[in-house]
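# Working through the structure, step by step
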Amino acid sequence: MCDTCGCNLTPGNRHLAYKPVARGATAVSVLKGLLAKNDDQAGHNRAHFDRRGILALNLMSSPGSGKTALLEATLTALKGEFTCAVIEGDLETENDAERIRAKGVQAHQIVTGTACHLDAHLVHDALHEMKLDGVDILFIENVGNLVCPASFDLGQHLNVTLLSVTEGDDKPAKYPVMFRAADALLLTKTDLLPVLDDFDLDRAEAHLRNLANPAPVLHLSARKDAGMGPWLDWIRVQLAQQLARVAAGQSRRPAIQPDGARYHHTEA
Ligand SMILES: Nc1nc2c(ncn2[C@@H]2O[C@H](COP(=O)(O)OP(=O)(O)OP(=O)(O)O)[C@@H](O)[C@H]2O)c(=O)[nH]1
Ligand SMILES: [Zn+2]
Ligand SMILES: [Zn+2]
Ligand SMILES: [Zn+2]
């Protein structure tokens, strides 16, 4: 269905695609309809969060750039301060959710099968399996993929994009859709910098600024517990802002990329 990677259909929205469609409907119009339904569902998910004063953060990156390791370190650091919960998205296995549960934190695994991103329907199904009362922060670990997750609103308030120093500092130039969607950019695995002679933290940031994205850029190593302070402070500030928005009857949408959505249509 999707020109790029065939990922537009997920176990969460398949029932919508196979409903009888109007005469004259094309593949393009059906896909546009799916994205519109995704946006409606995302708004509903956000209402779940806002009603309870929950801050929802979506973590996106390439496979293996350190999302789960960062969550493990973050949950350990925030224990006793906030109640956190995690939704994990992977093509297969419960491994990541089990790593989070080992930290004593509620985790729900979404196994997407063939779909290389989470969508709002999958997240909604997960929400109704979880205990959300009393939760302050919900982390959503998206499927490892630097393209498709940026196109789908899940109902989160903010996107956090990770780039590990092993991946090359020119990734924001090569994958602009993903990096334009970042509300914060985390440069991860910085403990490896001494053995990498070509990753330049400033150059990675310059590539982000070339996309006119003013998001904070934080450097850290979850493995060595280095640089975690500014990241934890960023989360604290975002939660305070979320609670202020909720008190004022407002909400916040993340920077979903309309150009990213193009990848999920068969034609422009
Ligand atoms: N040296 C170093 N290795 C790390 C760090 N963070 C993660 N890793 C390693 O990188 C590998 C992948 O880490 P994960 O946390 O599983 O990455 P992920 O982004 O959750 O991976 P997927 O869920 O498969 O996309 C593991 O072998 C980790 O031990 C770090 O700060 N420093
Ligand atoms: Zn895709
Ligand atoms: Zn992971
Ligand atoms: Zn609901």
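Coordinates for the structure precede this section.
Report follows, based on the coordinates. Values in this document were obtained by computation on a predicted structure and should not be read as measured data.

This part takes up the coordination of the zinc ion (ligand 4). With distances of 2.0 to 2.3 Å, the protein atoms coordinating the zinc ion (ligand 4) are His44 (NE2), His48 (NE2), His124 (NE2) and His128 (NE2). One way to put it: the 4 donor atoms around the zinc ion (ligand 4) meet at angles of 81 to 173 degrees, and that makes the site irregular. Accessibility expressed as a relative area gives 7% for histidine 48, which makes it buried.

In this section: the coordination of the zinc ion (ligand 3). The expected angle between donors at a tetrahedral four-coordinate metal is 109.5 degrees. At an octahedral six-coordinate metal it is 90 or 180 degrees. The coordination sphere of the zinc ion (ligand 3), as far as protein atoms go, consists of Thr68 (OG1), Asp96 (OD) and Glu141 (OE), spread over 2.0 to 2.2 Å. Site description for the zinc ion (ligand 3): donor spacing in sequence, T-x27-D-x44-E. Here aspartate 96 lies in helix α4 (residues 95-101) and threonine 68 lies in helix α3 (residues 67-78), a separation of 28 residues in the sequence. Residue classification places aspartate 96 among the buried residues on the basis of a relative accessible area of 10%.

With that settled, consider the site of ligand 1. Around ligand 1, 18 residues are found, and the nearest of them are Lys67, Thr68, Ala69, Asp191 and Arg223. Backbone polar atom of serine 65 to an oxygen atom of ligand 1: 3.2 Å apart, as the coordinates give it. Interatomic distance of 3.4 Å between a side-chain N/O atom of serine 221 and an oxygen atom of ligand 1. Relative to its unbound accessible surface of 660 Å², ligand 1 loses 76% to contact with the protein. For the shell around ligand 1, the elements supplying multiple residues, two or more each, are α3 and α4. With 3 residues, α3 is the largest single contributor of residues to the shell around ligand 1. Within the shell around ligand 1, the residues separate by chemical class into 4 nonpolar, 6 polar and 8 charged.

Of all the 6 residues making up strand β1 (residues 55-60), 6 are buried; the element is thus mostly covered by neighbouring parts of the structure. Side chains Leu55, Leu57 and Leu59 of β1 all project onto a buried face; the interleaved residues Ala56, Asn58 and Met60 project onto the opposite face, where all are buried too. Relative to strand β4 (residues 137-141), β1 is paired through 5 bridges, and the arrangement is parallel. Residue pairing for β4: alanine 56 is matched across the bridge by leucine 138. As judged from the 4 bridges shared by β1 and strand β5 (residues 158-164), these two strands associate in the parallel manner. Opposite asparagine 58, over in β5, you have asparagine 159 as the bridge partner.

Below, the discussion takes up the sheet that holds strand β3 (residues 106-111). Spatially, the 7 strands line up as an open sheet ordered β3-β2-β4-β1-β5-β6-β7, and their pairing is parallel. Single-partner strands in this sheet number two, and they are β3 and β7 (217-219). Within this sheet the neighbouring strands show an average axis-to-axis angle of 20 degrees, counted without direction. Where helix α5 (residues 120-127) meets the sheet, it contacts β2 (84-90), β3 and β4, and its direction lies at approximately 140 degrees from that of β3. In the packing of helix α9 (residues 228-247) onto the sheet, contacts are made with β1, β4, β5, β6 (184-188) and β7, and the angle to β1 comes to roughly 140 degrees.

Among the residues making up helix α8 (residues 201-210), those that are buried are Leu201, Ala204 and Leu208. Projection of α8 onto a plane perpendicular to its axis shows the buried side chains occupying an angular sector of 65 degrees, all on one side. Every exposed residue of α8 that faces more than 90 degrees away from the buried side is listed here: Asp202 and Asn210. Those residues of α8 hidden inside the fold are in contact with α6 (171-174), α7 (176-180), β6 and β7. In this structure aspartate 200 caps α8, since a side-chain oxygen of it lies 2.9 Å from the backbone nitrogen of aspartate 202. Among the residues trailing α8, alanine 212 stands out with phi positive, at a value near 60 degrees.

So, on to the side chain of threonine 161. Within the secondary structure, threonine 161 sits in strand β5. Of the residues examined, threonine 161 reaches a relative accessible area of 0% and is grouped as buried. The residues touching threonine 161, leaving out its near neighbours within four places in the chain, are Met60, Met178, Phe179, Ala182, Ala184, Leu185 and Leu186.

Before going further, it helps to spend a moment on the packing of α3 against α9. Remark: α3 packs on α9, axes separated minimally by 11 Å, with the N-to-C direction vectors making an angle of 70 degrees. Overall, the two elements α3 and α9 adopt an arrangement that is roughly perpendicular. Facing Leu70, Ala73, Thr74, Ala77 and Leu78 of α3, the residues of α9 in contact are Met228, Trp231, Leu232, Ile235 and Arg236. A per-class count over the contact of α3 with α9 returns 8 nonpolar, 1 polar and 1 charged.

What counts and what doesn't
Residues numbered from 1 in each chain as written. Chains lettered and ligands numbered in written order. Predicted model: local features only at pLDDT ≥ 70, side-chain atom pairs only at ≥ 80, totals over all residues. Heavy atoms only, no water. Donors = N, O, S within 2.8 Å, 3.2 Å for Na, K, Ca; no water. Tetrahedral: all angles 85-135°; square planar, octahedral: opposite > 155°, others 65-115°. Buried < 20%, exposed > 50% of the residue type's maximum accessible area, 1.4 Å probe, protein only. Helix = DSSP H or I, 4+ residues; strand = E, 2+ residues; numbered from the N terminus. Near = heavy atom within 4 Å. Polar contact = N/O pair within 3.5 Å; in protein donor to acceptor, adjacent residues only side chain to side chain. Areas by Shrake-Rupley, 256 points an atom, 1.4 Å probe, with all protein chains shown as cover. Nonpolar A, V, L, I, M, F, W, Y, C, P; charged D, E, K, R; others polar. Pairing = 2+ DSSP bridges. Axes fitted to C-alpha atoms, helices over the stretch in contact; angles between N-to-C directions. Contact = heavy atoms within 4.5 Å. Arc of directions from axis to C-beta. Parallel < 35°, antiparallel > 145°, perpendicular 65-115°, else oblique.

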